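Observations on the three-dimensional arrangement
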Amino acid sequence: MTQSDDQAPAAGRTVSELLRLRGPQLTAAERKVVRILISQYPIAGLESLPKLSERAQVSAPTVLRLLAKLGYNAYADFQRALLDEVYARMSEPSTRAGGEGQRDGKDDDLGAVLSRLSENVAETAEHVERSEFDEVVALLSDVKRPVLTLGGFESDVCSLHLLSLLSQLRGDVRHVRANPSGFSVELLDVTRRHVIVAFDFRRYQRGTIDYVRQAAGQHATVVLFTDKWISPAADHARYVFVCDTAGVGPFDSRAGVVALIEALVASVTTAMGTAAQKRIRAVYDRLSGSTWAEGLLRPAPSEQPPGSAAPLAATDPEDR
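The structure reproduced in this document is the subject of the present report.

Reading the values: the criteria
Residues numbered from 1 in each chain as written. Predicted model: local features only at pLDDT ≥ 70, side-chain atom pairs only at ≥ 80, totals over all residues. Heavy atoms only, no water. Helix = DSSP H or I, 4+ residues; strand = E, 2+ residues; numbered from the N terminus. Buried < 20%, exposed > 50% of the residue type's maximum accessible area, 1.4 Å probe, protein only. Contact = heavy atoms within 4.5 Å. Areas by Shrake-Rupley, 256 points an atom, 1.4 Å probe, with all protein chains shown as cover. Salt bridge = Lys/Arg side-chain N within 4 Å of Asp/Glu carboxyl O. Axes fitted to C-alpha atoms, helices over the stretch in contact; angles between N-to-C directions. Parallel < 35°, antiparallel > 145°, perpendicular 65-115°, else oblique. Left-handed = near helix turned anticlockwise from the far one by under 90°. Nonpolar A, V, L, I, M, F, W, Y, C, P; charged D, E, K, R; others polar.

1. Some words on the overall build of the chain
For the chain, the helix and strand inventory stands at twelve helices and five strands. Looking at the chain as a whole, 41% of its 320 residues qualify as buried. A separation of at least 24 residues holds for 70% of the contacts in the chain among residues at least 6 apart in sequence. Of the roughly 17,500 Å² of accessible surface on the chain, a fraction of 55% belongs to carbon and sulfur atoms.

2. Some remarks on the pattern of salt bridges
A side chain of one charge can pair with a side chain of the opposite charge when the charged atoms of the two come close. By the definition in use, this model includes eleven salt bridges. One salt bridge connects R254 with E154, and the closest N-O pair in it is separated by 3.3 Å. Of this pair, R254 sits in the loop between β5 (239–242) and α11 (255–272) while E154 sits in the loop between β1 (147–150) and α9 (156–166); the two residues are 100 residues apart in sequence, bridging distant segments of the chain. Judged by its relative accessible area of 13%, R254 is buried. Taking relative accessible area as the criterion, E154 reaches 32% and is therefore assigned partly exposed.

3. Thoughts on the packing of helix α7 (residues 110–127) against α11
Relative to each other, α7 and α11 sit at 50 degrees, their axes nearing to 8 Å. On the basis of their axis angle, the class for α7 and α11 is oblique. The crossing of α7 and α11 is right-handed. Judged by residue contacts, L117, N120, V121 and T124 of α7 engage A255, G256, A259 and L260 from α11. For the contact of α7 with α11, the class distribution of residues is five nonpolar, three polar and no charged.

Structure representation (structure tokens):
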């Protein structure tokens with residue numbers, strides 16, 4: 001069996017991505033296999049072919065037809081790809097000294113680094129479904145929907161960036177720092193009106209995953225930013241944005257994530273129109289006098305602005 005162009009695994013796509021992307025093209029029996037693979041990911045795919053077909057209650061040939069549509073010639077090829085993905089998800093910065101996005105060994109070359117970060121932004125854009133993007137913009141623009149942002153050890157900076165920008169456009173936007181159990185006091189008040197925007201990248205945080213699971217159980221709408229290996233939190237998210245995170249050096253990059261955040265905020269600003277503009281003006285009115293740049297517009301103490309009154313005459317005889 002050979003792979004046709006439309007069957008070959010998409011370049012850079014993980015097994016978890018392919019399962020989600022190809023879902024609409026599959027038969028009912030094949031979708032049963034996908035549900036098992038996703039709900040018991042990645043364990044189900046690492047079991048034997050007879051065991052997987054038994055779990056999904058389909059025949060072994062049905063499983064193989066599904067894998068062929070994903071681009072795998074044999075069950076062994078599928079399992080090798082899945083194992084590679086598992087190792088990649090588990091890897092930590094100390095094991096990635098060369099960087100997965102390294103180019104020609106020049107991980108200290110400024111041009112190469114900036115080029116790699118630029119590629120992250122472009123590849124992240126390719127993963128975004130415009131209809132999902134527009135729906136999330138509508139959610140974040142609805143001031144009747146409270147927004148909670150959260151992240152993990154490395155990703156919380158992304159949730160704080162979204163918080164900083166979005167709170168200048170609208171109210172009722174708050175940040176949550178989930179503890180290892182995933183519980184926080186805010187969860188007590190989460191309802192179906194809430195929008196939870198979570199950030200979770202490999203190696204994935206139990207606290208973030210558990211918080212998302214509990215919030216989804218309370219019927220909140222969950223928006224997840226993750227990487228190509230897909231956080232387990234995706235099982236509980238309504239919207240999943242897959243960001244390219246290949247770095248140069250030991251750390252994954254957040255350039256694509258930040259770009260997508262700022263694209264969302266720009267669209268929310270447009271969608272909210274004058275309401276957002278009024279909010280921004282109110283924010284900066286409150287900041288008046290606190291920035292260095294404002295001093296550039298004020299006259300120096302020894303200078304008088306045009307039209308100002310002359311200084312009062314001295315009254316001390318010695319000054320006359």
